[in-house]
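As a plain string of letters, each chain reads:
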Amino acid sequence: MEKTEDRKTILSGIQPTGGLHLGHLTGALLNWVKFQDEFEAFYTVVDLHAITVRQNPEELRTWTLDLVATLIAVGIDPEKSNIFIQSHIPEHTQLAWILNCFTSMGECSRMTQFKDKSKKYPDNVNVGLFAYPVLMAADILLYQADLVPVGADQKQHIELTRDLAIRFNNIYGETFKVPEPYIPKVGAKIMNLQEPTKKMSKSDQNSLGVLFLADDENLISNKIKRSVTDSGKEIKFSEEKPGISNLMTIYHISTGESIESIENMFAGKGYGEFKQKVADALVEYLKPFKAKYNEIRNNQEFLFEVICKGAQKAKEIAKSTLQNVYSKIGFLLPK
Ligand code: TRP
């Protein structure tokens, strides 16, 4: 048997709703890159999830391709990993419907993200938003994933996924693998440059605080230089210095230097000089990503090849899981 058959499966998803920032790269995508050597990896662009809030059609299409190009540019190798678009595999919505019938209203109502988003978009609290975590469970269970890397905010959704898998298995016999979440350590969390006690987030009003991967070199440099720093003048990593600590994290990510050695390197140096060095280091670090992104983003033929190939592999597995589920439920299968 081929070695790959024994490999465990990893699956994760990301929404095509606008540009990614440095926090996505360090908190999620670099882990995805690492995992692809060890696991059979499925990385899906979740456009079905994206429409739980209103999207502009042209923008959604553009962002979907932007995201595919970004995934490849950061190092996800389409020869190793399966990159696919969620809506290309109808089995996701088909399984989601079935799982809906095994999920209680109470379970969905308790989801923190649902409560937050209902507050944020009070005019559009739609059924899709309510059932969002059930669709996510379908994404995961279709592929019999062992491991699901997500941010801490998604942990509750993985718990629901596990509950649904166990519930279904108890009624119908072993059908779904019960997945484990993988939640990265908080160590390298990137904070907003303007409000360094807040996590960097793409929905932040003030884009000066967010380092988008698509920002050009000047903009990146300017955002770093205009970042909020703390009182005092020492380059020291501490809770009292969230601004400087955040810049140190960025320098650490860009150069690989340890926090301790950064403190030593910049002992006695001022904030201005430090910011310049951080800006230069980050620009340098992102160069290969940008070069690769620019090379492939306009090569639509290549991007479509990647997602077609990803969808083919995904389809095979999704189809077989769904057939099994249909037959267990008691659906009459067509001849
Ligand atoms: N809900 C996830 C998020 O917003 C994205 C997502 C959708 C996902 N389906 C998934 C993540 C399946 C992991 C596995 O971050």
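Anything mentioned here points back to the structure above.
Because the structure is predicted, anything quoted here is derived from the model rather than measured.

Draft legend 1. Looking closely at helix H6 (residues 112-120). When we look at burial in H6, the residues that qualify are Gln113, Phe114, Lys117 and Ser118. Down the axis of H6, the buried side of the element spans an arc of 130°, and every buried residue falls inside it. In H6, the exposed positions angled more than 90 degrees off the buried face are occupied by Lys119 and Lys120. Those residues of H6 that are buried are in contact with helix H5 (105-109), helix H7 (127-142) and helix H8 (155-172).

Draft legend 2. Quick peek at the packing of aromatic side chains. Counted according to the given criterion, the structure contains 16 aromatic pairs. For the ring pair Phe35 and Phe39, a centre distance of 5.5 Å and an interplane angle of 85° mean the geometry is edge-to-face. With respect to class, Phe35 is no different from Phe39; both count as buried. Taken together, the ring pairs connect Phe102, Phe168, Tyr172 and Phe176 into an aromatic cluster.

Draft legend 3. Structural context of the side chain of Lys223. Among the secondary structure elements, Lys223 is positioned in helix H9 (residues 217-225). Note on Lys223: relative accessible area 3%, which makes it buried. Within the structure, Lys223 has its side chain in polar contact with the side chain of Asp215 (distance 2.6 Å). Contact partners of Lys223, with chain neighbours within four places excluded, come to Leu193, Ser207, Leu208, Val210, Leu211, Phe212 and Asp215.

Draft legend 4. Seen up close, the pairing of strand S2 (residues 40-45). Within S2, six of the six residues are buried, which leaves the element mostly enclosed by the surrounding structure. Covered by surrounding structure in S2 are Glu40, Phe42 and Thr44 together with Ala41, Tyr43 and Val45, the residues of both alternating faces. In this structure, strand S1 (residues 9-14) lies alongside S2, joined through six bridges in parallel fashion. When the bridges of S2 are listed, Ser12 appears paired with Tyr43. Viewed along the sheet, the connection from S1 through helix H1 (residues 22-35) into S2 turns out right-handed.

Draft legend 5. The arrangement of the side chain of Ser118 in detail. Within the element layout of this structure, Ser118 appears in helix H6. Within the structure, Ser118 has its side chain in polar contact with the backbone oxygen of Phe114 (distance 2.5 Å). When near neighbours in sequence (up to four residues on either side) are disregarded, Ser118 contacts Val125 and Leu129.

Draft legend 6. Layout of the site of the ligand. With respect to spatial proximity, 13 residues lie near the ligand, and among them Gly13, Tyr132, Met136, Asp139 and Gln154 are the closest. Tyr132 places a side-chain nitrogen or oxygen 2.7 Å from a nitrogen atom of the ligand. Measuring from a nitrogen atom of the ligand, one finds a side-chain N or O atom of Asp139 at 2.7 Å. Summarising the interface, the protein chains cover 89% of the accessible area of the ligand, which totals 370 Å² for the free molecule. Elements with a minimum of two residues in the shell around the ligand: S1 and H7.

Draft legend 7. Just the environment of Lys189, in detail. Relative to the assigned elements, Lys189 resides in the loop between strand S5 (180-182) and H9. In this structure, the C-alpha to C-alpha distance between Lys189 and Gly23, residues 166 residues apart in sequence, is 6.7 Å. Not counting residues within four places of it along the chain, the set of residues in contact with Lys189 comprises Lys199, Asn246 and Thr249.

Conventions used here
- Residues numbered from 1 in each chain as written.
- Predicted model: local features only at pLDDT ≥ 70, side-chain atom pairs only at ≥ 80, totals over all residues.
- Heavy atoms only, no water.
- Buried < 20%, exposed > 50% of the residue type's maximum accessible area, 1.4 Å probe, protein only.
- Helix = DSSP H or I, 4+ residues; strand = E, 2+ residues; numbered from the N terminus.
- Arc of directions from axis to C-beta.
- Contact = heavy atoms within 4.5 Å.
- Phe/Tyr/Trp six-rings, centres within 6.5 Å; stacked < 30°, edge-to-face > 60°.
- Polar contact = N/O pair within 3.5 Å; in protein donor to acceptor, adjacent residues only side chain to side chain.
- Pairing = 2+ DSSP bridges.
- Right-handed = clockwise from strand over helix to strand, strands pointing away.
- Near = heavy atom within 4 Å.
- Areas by Shrake-Rupley, 256 points an atom, 1.4 Å probe, with all protein chains shown as cover.

No statement about biological role is implied by the geometric values presented.
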